[in-house]
Protein chains: 2
Amino acid sequence: MTSVLQIPDFEPAVEIIPLGGLGEIGLNMLLFKVGEEILVIDAGLMFPEDYMLGIDIVIPDFSFLLRHKDQVRAVILTHGHEDHIGALPFLLRELSAPVYGSRFTLELVREKLKEHQLLGQTDLRLIAPKETLELGSFKIEFIRVAHSIPDGLGLAIHTPLGTFIHSGDFKIDQTGGVSDLNTLAAYGARGVLALLSDSTNVEREGYTIPEKRIGDSLDQIMRKCEGRVMVAVFASNIYRIQQVVDSAVRYGRQVAFNGKSMITNCRIARELGYLHLPPGREITLGEMAQIPDSQVAVITTGSQAEPMSSLTRIARDDHRQIKIKKGDTVVLSSRFIPGNERAITGMIDNLYRFGAEVIYERVSEIHVSGHAHQEELKLMLHLTKPRYFLPIHGEYRHLVKHAQLAHEIGLPWENLLLAENGQVIRFDREGCRFTDPVEVGRVFVDGKGVGDVGDLILRDRRHLSEEGLVVVLTVLNNQTGDLLSGPEIISRGFISEEEYPELIQEAKNRVLEILTQRPVEDRKNWPEIQKEIRKSLQRFFVKSIDRRPVVLPLLIPM
Amino acid sequence: MTSVLQIPDFEPAVEIIPLGGLGEIGLNMLLFKVGEEILVIDAGLMFPEDYMLGIDIVIPDFSFLLRHKDQVRAVILTHGHEDHIGALPFLLRELSAPVYGSRFTLELVREKLKEHQLLGQTDLRLIAPKETLELGSFKIEFIRVAHSIPDGLGLAIHTPLGTFIHSGDFKIDQTGGVSDLNTLAAYGARGVLALLSDSTNVEREGYTIPEKRIGDSLDQIMRKCEGRVMVAVFASNIYRIQQVVDSAVRYGRQVAFNGKSMITNCRIARELGYLHLPPGREITLGEMAQIPDSQVAVITTGSQAEPMSSLTRIARDDHRQIKIKKGDTVVLSSRFIPGNERAITGMIDNLYRFGAEVIYERVSEIHVSGHAHQEELKLMLHLTKPRYFLPIHGEYRHLVKHAQLAHEIGLPWENLLLAENGQVIRFDREGCRFTDPVEVGRVFVDGKGVGDVGDLILRDRRHLSEEGLVVVLTVLNNQTGDLLSGPEIISRGFISEEEYPELIQEAKNRVLEILTQRPVEDRKNWPEIQKEIRKSLQRFFVKSIDRRPVVLPLLIPM
């Protein structure tokens, strides 16, 4: 591999430092470091999992990067999905660096930075596929890849040690947006030191269904249904939205857009020339009632049954302009994201209750993923012929399976780099090895607080959520420890106090006992008394009703 | 249909009253009522969904049945899964009736009643396939059906109006336990008034994979793996367990059983002659270390990654006797139950981190459902040729799709009965219609409390779980309303008080302001003051940190 042999005089080394996205889905963020120059690839968020009670979003821990603020040359965005750009505003609050991205990506970033009031101070730089960018020791070529959003990019990162290929999020689709296989193949011929490739769908065999096939399914629906057709799609999936529009128009339907992000994204996509709607074919939701149902198509958000989304509100009859009626067909052209299944199926049930027919991935070929399946992943490996392979974007099992796949097609085990967040992979003339890990983690954003909600607070929330709370209130004489008022017992989320008057009375008796039966010299040991009340009531509630509420004993010495 | 024509002198009518399982998965419980005689078919539970915070299990609301206690002739159990027998102890606390079930079912019921100290007072009656039971106006024949537990039964319920077929939970498997298709066909020939059939898998096309094929997959694993093989299976899936045992023995492995319910169920199954293990092939977990890894197979619980289950503990290195090491293979021979995916995939990731290889449904043919797919459902309809069809056991979309399936193969729409819990379907000489619905619902069991946790308490728990709690404590002069002590602010699950000292101070200032700036004549209006404190702090916390904790203002007048 020639590029590996072009070794300059100094001892070159390239470090890859994943801050997020290796060992998890989401939070994608990865650094390339040569000397004192750092490239940041993506700055993604993660939506909270169930156990992260009350958390709004999760972002990567930037600590390492903030300690090397001055070394950051650029932030490069592969595409505009939230798991690649969602943490950007939080990063840009802490450091300043130019942000590179393709057209659609930068437009979405612009909207986001506007919301966070960071647009004015940010240096956004437009780049395009086939372009090359020189940044200190790095030279980067941008490579078009097909994904479920316009303008997805892979990267060829040239370093003094050789070329790294970063796949971005990709699939290989011969019909929709087409990945630039020729450029990837050309790099393969010249020599690639390492490939970093998207592992999201490594559990799936074969190839992804061609996007065009979804168009065929949509055609059938638009043609056969006699009533209105409402299609829920991710608002960033412009190619899919175009297919819905085309199919609707083909079968004589007018198109209405519904949902805030749908309207914003479609506006951007139309401005950029990525979404085309023949003149006179768009209607507002208000105009819907004036034309026959068979001539209506609605494109809407809410495919994940997010609580406040349009479709969820429609399904609970809480939407101002759209009421479901018999004859309507609702199409969910999207996957069921793990964790959302119960909400989505519940929404489907309600749509059926109102008389709609519902078409969804589980029963119909109505969605295809934006991430490569096994055979496409192999193709990426075959085209780029890397010496080393680092699976990225996946939970741990995905990374393992992706490495196994690479081994199956010929890469030796010792060249497969199975790394998780924080592990530093150092390439130098000797080869490649793991060096000292860096600090990584997940930072919770809750309201305006970034990072202040930690495990302790979450533990409290969990405990409160499962068993509720009992507050025990007493006022004691500051001098003698004698009871002046109380005990009062107030609970939330524990029991209905009217249903259990004896239980509450008995709990009060136990508190009284503790307060009155202590030796006089021990009656002012407030922390000890609190502890004893807490323990005694916890025991009592377990025994009497088998519940473990948070017990909060409040003593007021006066 | 002859049986419909055998009309006696009085006006016969049969009412079907679903108390659970129609419009939901789980909670299966359905009544047949003729005059003043009620048959109860199944008494199942449901495991709580995410929003049911802290709830242990869910059971149907028995109110209707309890108002007609004296009419209950029998409880008939179709099989021993929790969603069919789990509510039985709670029912038997409230009313007394003989309980009929097949061998394996009754053994599981016996264990359950023992735990609830109800075994002594319960009249358990063993029945078997092909047997007929006369109960007042009802005559019931039991029909063997294949399911993922031994001794599953369907029912032919003869009434004065005709014959009803209840499928139970079933699939049609030509290799494993075989459903009694001949008996079903014979009823079809004689005339079936209505079929009630399992809708669980109506979204799935084709036929279920034959159970035997899973044995082939297991064989490959047992043969190829050089290390230990651990297979997680539902403890009631005895046929699957037998296949694991057979495969292990075939490839020279000793078998260890792991997990409390696995050990209990396998003991019962062996006593009944349903599970066979050649002599000398069972080992304890303790003996495992003494034989080569290639000769070890472990059959374990925990396929759903339940927090306290064996396999979950193994995957977090918290099991006393089993430590995962490189070379181990873990097989999840089970489905990912919706809601459990994140826990299961997290467990798989951890098993990989400890060096195991993991084989699971998503990547391998290692599990088959116990519920009929579309073609099997059609076969059931074709064999029994019912006049009316009532889809049961399913969420609403399942019921709709099952009705659509029946329509596709020829049943007229007007004979398809789409009902949810509480709707009463009355059959009489005129035909069939819906009459006044009965009261139904879900009752939450939390610790020892049955039904006392309602929506209000759950709402409190949810609110506490998302934003935590702030207690505001003040002692006021009973006569003047003057502040004697406080305000103190104590929080849980809200913020770290050390991180936000100014926020806490500012909150106290607001409380002080409210207390001191009220007109003197208004200073003893405690409820009004509390309300004002709550509102003011809620507003303040939203504005300052964008969080909405539960604010609990406690005023103590002294």
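Residues numbered from 1 in each chain as written. Chains lettered and ligands numbered in written order. Predicted model: local features only at pLDDT ≥ 70, side-chain atom pairs only at ≥ 80, totals over all residues. Heavy atoms only, no water.

Enquirer: Describe the interface of chain B and chain A, naming the residues involved and giving the relevant values.
Expert: Facing 64 residues of chain B, the contacting portion of chain A comprises 64 residues. Here chain B and chain A share an interface that buries about 5700 Å² over both sides, 54% of which is from carbon and sulfur atoms. Broken down residue by residue, the surface that chain B buries against chain A is led by Arg342, Arg397 and Asp452 of chain B, which jointly contribute 11%. The interface formed by chain B and chain A contains 16 salt bridges. Among the ionic pairs, Asp452 of chain A bridges to Arg547 of chain B, the shortest N-O distance being 2.7 Å. Put simply, chain B and chain A have 32 residue pairs in polar contact (both at pLDDT 80 or more) between them. A breakdown of the residues in the side of chain B that touches chain A according to their chemical character gives 27 nonpolar, 12 polar and 25 charged. (Contact = heavy atoms within 4.5 Å. Buried area = accessible area lost by both parts, 1.4 Å probe. Salt bridge = Lys/Arg side-chain N within 4 Å of Asp/Glu carboxyl O. Polar contact = N/O pair within 3.5 Å; in protein donor to acceptor, adjacent residues only side chain to side chain. Nonpolar A, V, L, I, M, F, W, Y, C, P; charged D, E, K, R; others polar.)

Enquirer: Lay out the relation of the copies chain B and chain A in plain terms, naming residues and giving numbers.
Expert: Each copy of the chain is related to the other by a rotation around an axis and a translation along that axis. Of the two same-sequence chains, chain B is brought onto chain A (RMSD 0.1 Å, axial shift 0.1 Å) by a rotation of 180°. Expressed as a symmetry operation, the mapping of one chain copy onto the other fits a two-fold axis. When C-alpha distances to the rotation axis are compared across chain B, the minimum falls at Ser465 of chain B, with a value of 2.3 Å. (Least-squares fit on C-alpha atoms with pLDDT ≥ 70 in both.)

Enquirer: With reference to specific residues and values, describe the packing of aromatic side chains.
Expert: By convention here, two paired aromatic rings are described through the distance between centres and the angle between planes. Residues and elements named next belong to chain B. In the structure shown here, the tally under the stated rule is 14 aromatic pairs over all chains. Here Phe104 and Tyr274 contribute two aromatic rings whose centre-to-centre distance is 6.3 Å and whose plane-to-plane angle is 40°, an arrangement assigned as tilted. One end of the pair, Phe104, is in helix α5 (residues 103-115); the other, Tyr274, is in the loop between α9 (260-271) and β15 (296-300), with 170 residues separating them in the sequence. A residue is classified by how much of its surface remains accessible, and Tyr274, at 23% relative accessible area, is partly exposed. Centroid distance Phe164 to Phe427: 4.9 Å. Interplanar angle 80°. Geometry classified as edge-to-face. Taken as a pair, Phe164 in strand β11 (residues 162-166) and Phe427 in strand β19 (residues 424-428) lie far apart in primary sequence, 263 residues in all. (Phe/Tyr/Trp six-rings, centres within 6.5 Å; stacked < 30°, edge-to-face > 60°. Helix = DSSP H or I, 4+ residues; strand = E, 2+ residues; numbered from the N terminus. Buried < 20%, exposed > 50% of the residue type's maximum accessible area, 1.4 Å probe, protein only.)

Enquirer: Before we move on, could you go through the nonpolar core and cite the residues and values that matter?
Expert: Residue and element names in this part refer to chain B. Ile59, Leu65, Ile241, Phe257 and Ile299 are the most contacted members of the largest nonpolar core, which has 67 residues in total. Ranked by residues supplied to this core, first place goes to helix α8 (residues 238-250) with six residues. Here this core gathers at least three residues from each of two domains, domain 1 (14-205 + 370-450) and domain 2 (212-359). If sequence neighbours within four positions are ignored, Phe257 has contacts with Ile241, Val245, Met262, Ile263, Cys266, Arg270, Leu277, Glu282, Ile283, Leu285 and Ile299. (Core = buried A, V, L, I, M, F, W, Y, C linked by side-chain atoms within 4.5 Å. Domains from an automatic or database assignment.)

Enquirer: Would you mind going over the pairing of strand β13 (residues 229-232) of chain B in detail, with residue names and values included?
Expert: As a general feature of sheets, a regular strand has side chains that alternate between the two faces. Residues and elements named next belong to chain B. Neither face of β13 is left uncovered, since the one carrying Val229 and Val231 and the one carrying Met230 and Ala232 both have all their residues buried. Strand direction decides the pairing type here: β13 and β15, joined by four bridges, are parallel. Across the sheet, residue Ala232 finds its bridge partner in β15, namely Thr300. Across four bridges, the pairing between β13 and strand β16 (residues 329-332) is parallel. Residue Met230 lies in a different strand from β16, and its bridge partner there is Val330. (Pairing = 2+ DSSP bridges.)

Enquirer: Break down the pairing of strand β15 (residues 296-300) of chain A for me, with residues and values.
Expert: Residues and elements named next belong to chain A. Within β15, five of the five residues are buried, which leaves it mostly tucked inside the rest of the structure. Of the two faces of β15, the one holding Val296, Val298 and Thr300 and the one holding Ala297 and Ile299 are both buried throughout. Two strands pair when backbone bridges link them, and strand β14 (residues 254-258) and β15 are joined in this way by five bridges, in the parallel orientation. Across the sheet, Ala256 pairs through a bridge with Val298, a residue of β15.

Enquirer: Describe the pattern of salt bridges, and please don't skip the residues or the numbers.
Expert: Residue and element names in this part refer to chain B. In total, this model carries 79 salt bridges over all chains according to the counting rule given. When the shortest N-O distance is used, the salt bridge between Lys112 and Glu82 registers 2.9 Å. Within this pair, whereas Lys112 is found in helix α5, its partner Glu82 is found in helix α3 (residues 82-85), the two being separated by 30 residues in sequence. On the basis of relative accessible area, Lys112 is assigned to the buried category, the value being 15%. Across the pair Lys171 and Asp173 runs a salt bridge, and its minimum N-O distance is 3.8 Å.

Enquirer: Please give an account of the sheet that holds strand β23 (residues 469-476) of chain B that cites residues and values.
Expert: All names here are of chain B. Taken together, the three strands give an open sheet; going across it, the order is β24-β23-β25, and neighbouring strands pair in mixed fashion. Two strands bound the open sheet, and with one partner strand each, they are β24 (483-492) and β25 (550-557). Each strand of the sheet is rotated relative to its neighbour by a mean of 15°, with strand direction disregarded. Of the strand pairs in this sheet, β23 and β24 are connected by seven bridges, and their pairing is antiparallel. Looking at the pairing, Val475 lines up with Ser485 of β24. (Axes fitted to C-alpha atoms, helices over the stretch in contact; angles between N-to-C directions.)

Nothing here speaks to function; it is geometry throughout.
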